[in-house]
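Take a look at the letters that make up each chain.
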Amino acid sequence: MVFSSLTFIYIFLPICFILYYSASSIKMKNIVLLSMSLFFYAWGEPRWIVVLLLSSYVEYLGGLRIDKYKGTWKAKASLIASVVISLSILVIFKYFDFFASTVNSVFKTDIGLLRLGLPIGISFYTFQTITYSVDVYRGRAKVQKSFADLLLYTCMFPQLIAGPIVRYVDIDEQIRDRKVNIKDASYGVTRFLIGLSKKALLANFAGQIVKELIAGDLNKLSVLGAWIGIIGYSFQIYFDFSGYSDMAIGLGHMFGFKYVENFNYPYISKSISEFWKRWHISLTTFFREYVYIPLGGNRKNHALNLLIVWFLTGMWHGASWNFIIWGLYYFVFIMLENLFLRKLLNKIPRVFSRLYTLLVVIVGWVFFYFEDIGKLKQMLSIMFGFGGIPFSNVTDFAYFSNRLFFFIIAIIACTPVARYVKELLYKFSEKSLRCESLVDITNIIFNLILLILCTSALVGSSYNPFLYFRF
Amino acid sequence: MEKEYRMNFNIFARISVALFVMPIIIIGAISAFDKDQTVSKDENRTLKQKPEFSVISLVSGDLTKDFDEYYADTFPNRSGFMKINKKINAFFSQRATGSDNIVIINRDNDENDFKGEALTEK
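The model shown is predicted, which means the values in this text are computed figures rather than measured ones.

Focus on the environment of A:Lys145
Inspection of the secondary structure puts A:Lys145 in the loop between helix H5 (122-138) and helix H6 (147-155). Discounting chain neighbours no more than four positions away, the residues touching A:Lys145 are A:Tyr60, A:Leu64 and A:Asp67.

Right, dumping it as structure tokens:
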């Protein structure tokens, strides 16, 4: 099931609210959330619920054994076994066919492909379960003796399918005990509706631009058309993914959970290193805590450690060469920044360091978007005007000018302008009780308008899953 | 990082939550009991009907996907919401220049693109 569907908002969510808030104890509330989360997953992927249960059960058994043999080699062996099994499940479903076809084409072999299909959210929940075993081994997290509670951590519907990747240590206490106060719930509503608007109003419109300009034949594109298309994709992926994270965080608040932030206005970054501290923060944190630092971090083999992390980051996004190239592309820029570029970026005016970052990121999305390497090359050559491609033509110019309003709104929505306005409003509200009331009433009206607009956009559009579902 | 601004007063926070939860419960209930439309006059097409249950369609995921489409097609006051959606799209797509040039674009990227069928008079 997707958050941006009428079925979720008008059937699933009301039933979930009624059952959850009718339950008297935390145990009953957890049972409701677990049942609803399994139903939520089964709605989209009934076949693959077994994989989700298996992956969680492996880590559950691993956690029990790690705790039982704490301080002995058996604990380490149990950790390695559970992580290897979980990663093997991921590899079988996500990477086996990619590896097999690569080997087949290089060595002219005939390894059969499995063609299993990808269980939704497998990359997210596999990483989540790994954080549990590792943190129990490190002594950071208490072992979870109840399989139902561990399963609730893995498959809680707000963050099950596209993150944020929640570490077990961050949520452990909240599974055992949590309270929802009305101001938290109200914040959750606003955050959910903001996320839904990003997806239903902005990302889907940007997706239409992408579809019309760069999804098909690239031969008719001018330089301008290619840039509009890929900038459209930059907006689509940001609003789509950060919108999902906003909705997850908002839903979490409505049920008493505090999830980590996953985005922090990445497109205003002044360097690529900063961009990755602002984009998909929970994934960056995972790779830093569970791969980069255990490998030695910046103490030994720094460049090699970074290379491994960026190779894996690319691979995590998909079993295709373009994702690996995309990951290595960022490795190159991070290395360059570490070597000399960061000093230069700190010296030049901010506007130029921001433009540099945006240019690198937008060109990076070309590698991310095109799985077909031939098309990827063609797109890059059009964007940079190679082979006598005209800068503009009448169709691309008309297309751009017809959507200029959207681009202006999208640019504003990528920046913290709305946050500054909110800060000003809250400062204004400190003046008097009447002002405080006025700000609260504005918030309520804002939420209502967003609910109506988003419902209209969802009624008027067809099935539109989130881009990160396929990861 | 996004600062988590809360409502100033509990009473307004309650109203805010109520004005989200109540509409989704009420509209959800209406959608369960109202009579389904079968045809959309505005779009000149037949609307999706409730999918029939079968184990095969359940396991493959087709049943739930069909249900999502059926639910969106028969949503209460669908035509009213569709009108608002048209206005949203028109707002995003309004021309930024005063030019009156008309350009017909056919990129062959969309299955709904105009394919050049001849218009015939009856």
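Now that the structure has been shown, we can carry on.
Quick look at the domain arrangement of chain A
Residue and element names in this part refer to chain A. When its domains are assigned, chain A resolves into domain 1 (6-178) and domain 2 (183-459). Taken over C-alpha atoms, the centre of domain 1 sits 26 Å from the centre of domain 2. Of the residues lining the interface, 40 residues belong to domain 1; the matching set on domain 2 comes to 35 residues. Taken together, the connections running from domain 1 to domain 2 amount to 2 salt bridges. Put simply, arginine 167 and glutamate 289 hold a salt bridge, and the shortest N to O gap is 3.5 Å. Scanning the region where domain 1 abuts domain 2 turns up 13 residue pairs in polar contact (both at pLDDT 80 or more). Elements that contribute at least two residues to the side of domain 1 that touches domain 2 include exactly helix H1 (6-22), helix H4 (73-107), H5, helix H7 (157-160) and helix H8 (168-176). Sorting elements by how many residues they give to the side of domain 1 that touches domain 2 places H1 first, with 9 residues. Taken together, the residues that form the side of domain 1 that touches domain 2 break down as 27 nonpolar, 6 polar and 7 charged.

Focus: helix H1 (residues 10-33) of chain B
The end-to-end C-alpha distance of H1(B), which contains 24 residues, comes to 34 Å, matching closely the 34 Å that a straight helix rising 1.5 Å per residue would cover. Among all positions in H1(B), only B:Phe12, B:Ala13, B:Ser16, B:Val17, B:Phe20, B:Val21, B:Ile24, B:Gly28 and B:Ser31 are buried. Those residues of H1(B) that are buried lie in contact with H1, helix H9 (182-213), helix H10 (223-254) and helix H20 (433-459) of chain A together with helix H3 (62-73) of chain B.

Focus on the interface of chain B and chain A
Across the contact, 54 residues belong to chain B and 76 residues belong to chain A. Roughly 6,300 Å² is buried in total at the junction of chain B and chain A, and carbon and sulfur atoms are behind 66% of that figure. For the pair chain B and chain A, the interface holds 0 salt bridges. Mapped by element, the contributors of at least two residues to the side of chain B that touches chain A are H1, helix H2 (55-60), H3 and helix H4 (78-92) of chain B. No other element matches the 15 residues that H1(B) contributes to the side of chain B that touches chain A. Here the side of chain B that touches chain A is built from residues that sort into 30 nonpolar, 13 polar and 11 charged.

A short note on the packing of aromatic side chains
All names here are of chain A. Within the structure shown, the criterion is met by 79 aromatic pairs over all chains. Ring geometry for tryptophan 276 and tryptophan 326: centres 5.8 Å apart, planes at 65°, overall edge-to-face. Of the two residues, tryptophan 276 is situated in helix H11 (residues 272-278) and tryptophan 326 in helix H14 (residues 321-347); the sequence distance between them amounts to 50 residues. Residue tryptophan 276 is classed as buried on the basis of its relative accessible area, which comes to 4%. Directly above the ring of tyrosine 20 sits lysine 29, whose terminal nitrogen or CZ lies 4.8 Å from the centroid.

Some points on the side chain of A:Ser86
Residue and element names in this part refer to chain A. By the secondary structure assignment, serine 86 is in helix H4. The exposure class of serine 86 is buried, given its relative accessible area of 0%. A distance of 2.4 Å separates a polar atom in the side chain of serine 86 from a polar atom in the side chain of glutamate 59.

Each value, and the rule that gives it
Residues numbered from 1 in each chain as written. Chains lettered and ligands numbered in written order. Predicted model: local features only at pLDDT ≥ 70, side-chain atom pairs only at ≥ 80, totals over all residues. Heavy atoms only, no water. Helix = DSSP H or I, 4+ residues; strand = E, 2+ residues; numbered from the N terminus. Contact = heavy atoms within 4.5 Å. Domains from an automatic or database assignment. Salt bridge = Lys/Arg side-chain N within 4 Å of Asp/Glu carboxyl O. Polar contact = N/O pair within 3.5 Å; in protein donor to acceptor, adjacent residues only side chain to side chain. Nonpolar A, V, L, I, M, F, W, Y, C, P; charged D, E, K, R; others polar. Expected span 1.5 Å × (residues − 1). Buried < 20%, exposed > 50% of the residue type's maximum accessible area, 1.4 Å probe, protein only. Buried area = accessible area lost by both parts, 1.4 Å probe. Phe/Tyr/Trp six-rings, centres within 6.5 Å; stacked < 30°, edge-to-face > 60°. Lys NZ or Arg CZ within 6 Å of the ring centre and 35° of its normal.

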